[in-house]
Structure formats: C-alpha cells, structure tokens
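Structural features, examined
These are the residues of each chain, in order.
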Amino acid sequence: MNSDIKRLSRKSKATRKVNIGSTVIGGDKVVVIAGPCTIESEKQVNSIADFVKENGATALRGGAWKPRTSPYSFRGLGEEGVDYLIKAGLDAGLPIVTEVTRPELVNKLEGRIDCFQVGAKNMQNFDLLEELGKIDKPVLLKKSQYATYEEFLLAAEYIANAGNENIILCERGTRTAENLIRSTFDVSAIPVLKSMTDLPVIADPSHAAGRSDIVKDLSKAAIAAGADGLLIEVHETPEEALCDGEQSIDFNEFKGLIDESRIIAEAVGRSL
Ligand code: PEP
Ligand code: MN
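My aim in this report is to walk through the structure given alongside it, one point at a time. Keep in mind that this is a model prediction, so the values were computed, not measured.

With 13 residues, helix α1 (residues 42-54) extends 18 Å from end C-alpha to end C-alpha; this agrees with the ideal 18 Å at 1.5 Å per step. Elements that come into contact with the buried residues of α1 comprise β3 (31-35), β4 (59-61), α2 (79-92) and α9 (251-267). Of the residues trailing α1, G56 is marked for its positive phi of about 110°.

Dropping the structure here:
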C-alpha cells in the first residue's frame, strides 16, 4: 500500500465510528441515508423526509449544488435548497447531508448542516478537501468513478492531514465497458477499503446503477460485503424528478429495500 496513506491506514481491528448528528456510522447498525438527488421544493423534500424517517432511514440527503455533466441540466437551488433541507431534517428528526462543490461553502454551512458530501466529480478537488480538513463536521467522501483505491484514500488523507479524521468513504460505482448500467457497482471496494483503513465504508447503489430496478439488489450485496451504510436516492414521483429520476426509487420500492436489506444485515450479524 502507498506509504503516504499514513493517518488513515488501518491501525486497529475495530471500525472507527463517525457521527452524523446522532447517527453513528461504523457501529453494528447499518445506516441508511436517504433522500432526493436534488432538493426541488420545500414540499418535495418535506414529504420525502417524513416518509424515509418513518420507514427506516437514519439521515436525510439532498443536493443543493449539483455538479452536472451538462451545463444545461438543472444545477440545484443553492442556499434556498439548503434552507428547505434543514427545515425538513428538523421536522422529521433526521440529521442532514448535503454536497458542497467549493471551499467557500464550507464555512458558510458549517454550523447549519450535519455532514458535508464531496461528490465523485470533486474527489480530487484538493482545495475543497483541505477546507473540510479545517472543521470537525463529518465528511462523506465519494470515490471517483476513475480512481484507484489508493488514490481514493490519498484524497481522504488530504482531509485528515488538514486536521479532520471524521471521514466516511463511499463507493458509488466505477466506469467500465458496460453501458446498460451507469457505472459498475464495485463490491470489492468494500472489503478491500476496509482492509486498508479503519474508516467506515458505505455504498451508494443508486449512482452506480443509474436505474431504479437494481438498487435494492445492489444494496443487499453491499451489506453482505460489509458496508456500514447505504446512500439511497428516493423520490415520491421519480418520473418527475429534476435530476437522477431514472435511478431514484419511489416510496414503495424504498419500503421493500429496507425490508430485504434488514434480513441481509441480520444474516451478517448486524442490524438495520
Ligand atoms: C449525488 O450524490 O447526487 C451525486 C452527484 O453523486 P456522485 O458524486 O457519486 O455522482
Ligand atoms: Mn444524484
């Protein structure tokens, strides 16, 4: 292993625990962070928050600054979106996770949100990583679809070296020749990363799949492989979603995912 993976190389048998608000990642319980890809309106995020809270989620996700592949796609509501997310999280009793794309957003949001997400496209945005290293809030770092495991851990090392080791790693698919799925969900990433580091590792089957029909099966595979949590895109009416509707699961599908994932979690000695 690359010898520059210093601070985050595995030092003990146990997984480190990282807290998002009152939600503990890295313990016996497999956590579910669920919500829309993008915050679209107050009503949209409230209704999703209430539903996922009632049905097993332990944190709420939602993007306000979306790094889209095309500049013509919907790129999020910005600060207005974060206001809606904060309110929905408070009302539902769920801690919140949102993605930041620029260093100046870190200071602005530090006292307002529970966890900062760094998206796959920003995994090596080193200025952003170092800014997140200066705070104490947890950082959910997603693996670029082009990165090796070592490059991923070196990106996390930027945050740790700047002073913050509250990091949650997230596998969200890697680019392969296959074009019937958006990316290939890399099950190996979970046990291999866990052998390299004691940080918690979660899985985002939604972005890997790019299609809602396989999100549940990939979730089960991730838990069986040792994932400490799931990051799931949920929308009340996925066909109307402004971003990532193809992979967003609806309320019924979310219930099914939770029920079946719980069985797998219990089979591997965990709860959900
Ligand atoms: C997201 O979580 O909505 C997102 C943009 O994911 P990724 O960075 O993995 O593409
Ligand atoms: Mn998305």
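Neighbouring ligand 1 are C37, R61, K66, E99, Q117, G119, A120, K121, K142, R172, H207 and E233. Separating an oxygen atom of ligand 1 from a backbone N or O atom of A120 is a distance of 2.7 Å. One nitrogen or oxygen atom from the side chain of E233 is found 3.2 Å from an oxygen atom belonging to ligand 1. For ligand 1, whose unbound accessible area comes to 300 Å², protein coverage reaches 97%. Using a 2 Å cut-off from the grid points, one finds that ligand 1 occupies the largest pocket. A breakdown of the residues in the shell around ligand 1 according to their chemical character gives 2 nonpolar, 3 polar and 7 charged.

With that settled, the discussion passes to the side chain of S9. By secondary structure assignment, the location of S9 is in the segment before β1 (18-20). Take S9: its relative accessible area is 13%, and that puts it in the buried class. In this structure S9 touches M1, M196, T197 and D198, once residues within four positions along its chain are discounted.

Its place among the elements puts L85 in helix α2. Taking relative accessible area as the criterion, L85 reaches 0% and is therefore assigned buried. With 36 residues separating them in the primary sequence, L85 and A49 have C-alpha atoms 8.8 Å apart.

Moving on, we get to the coordination of the manganese ion (ligand 2). Protein-derived ligands of the manganese ion (ligand 2) are C37 (SG), H207 (NE2), E233 (OE) and D244 (OD), with the metal-ligand distances lying across 2.0 to 2.4 Å. Along the chain, the residues that donate to the manganese ion (ligand 2) are spaced as C-x169-H-x25-E-x10-D. On the criterion of sequence distance, the pair formed by H207 in helix α7 (residues 205-209) and D244 in the loop between β10 (229-233) and α9 is long-range, its members being 37 residues apart. Pair check on accessibility: H207 and D244 agree, each one buried.

Rules behind the numbers
Residues numbered from 1 in each chain as written. Chains lettered and ligands numbered in written order. Predicted model: local features only at pLDDT ≥ 70, side-chain atom pairs only at ≥ 80, totals over all residues. Heavy atoms only, no water. Helix = DSSP H or I, 4+ residues; strand = E, 2+ residues; numbered from the N terminus. Expected span 1.5 Å × (residues − 1). Contact = heavy atoms within 4.5 Å. Near = heavy atom within 4 Å. Polar contact = N/O pair within 3.5 Å; in protein donor to acceptor, adjacent residues only side chain to side chain. Areas by Shrake-Rupley, 256 points an atom, 1.4 Å probe, with all protein chains shown as cover. 1 Å grid on protein atoms, 1.4 Å probe; cavity = no way out; pocket = protein on both sides within 12 Å on 5 of 7 lines; lining within 4 Å. Sits in = over half its atoms within 2 Å of the grid points. Nonpolar A, V, L, I, M, F, W, Y, C, P; charged D, E, K, R; others polar. Buried < 20%, exposed > 50% of the residue type's maximum accessible area, 1.4 Å probe, protein only. Donors = N, O, S within 2.8 Å, 3.2 Å for Na, K, Ca; no water.

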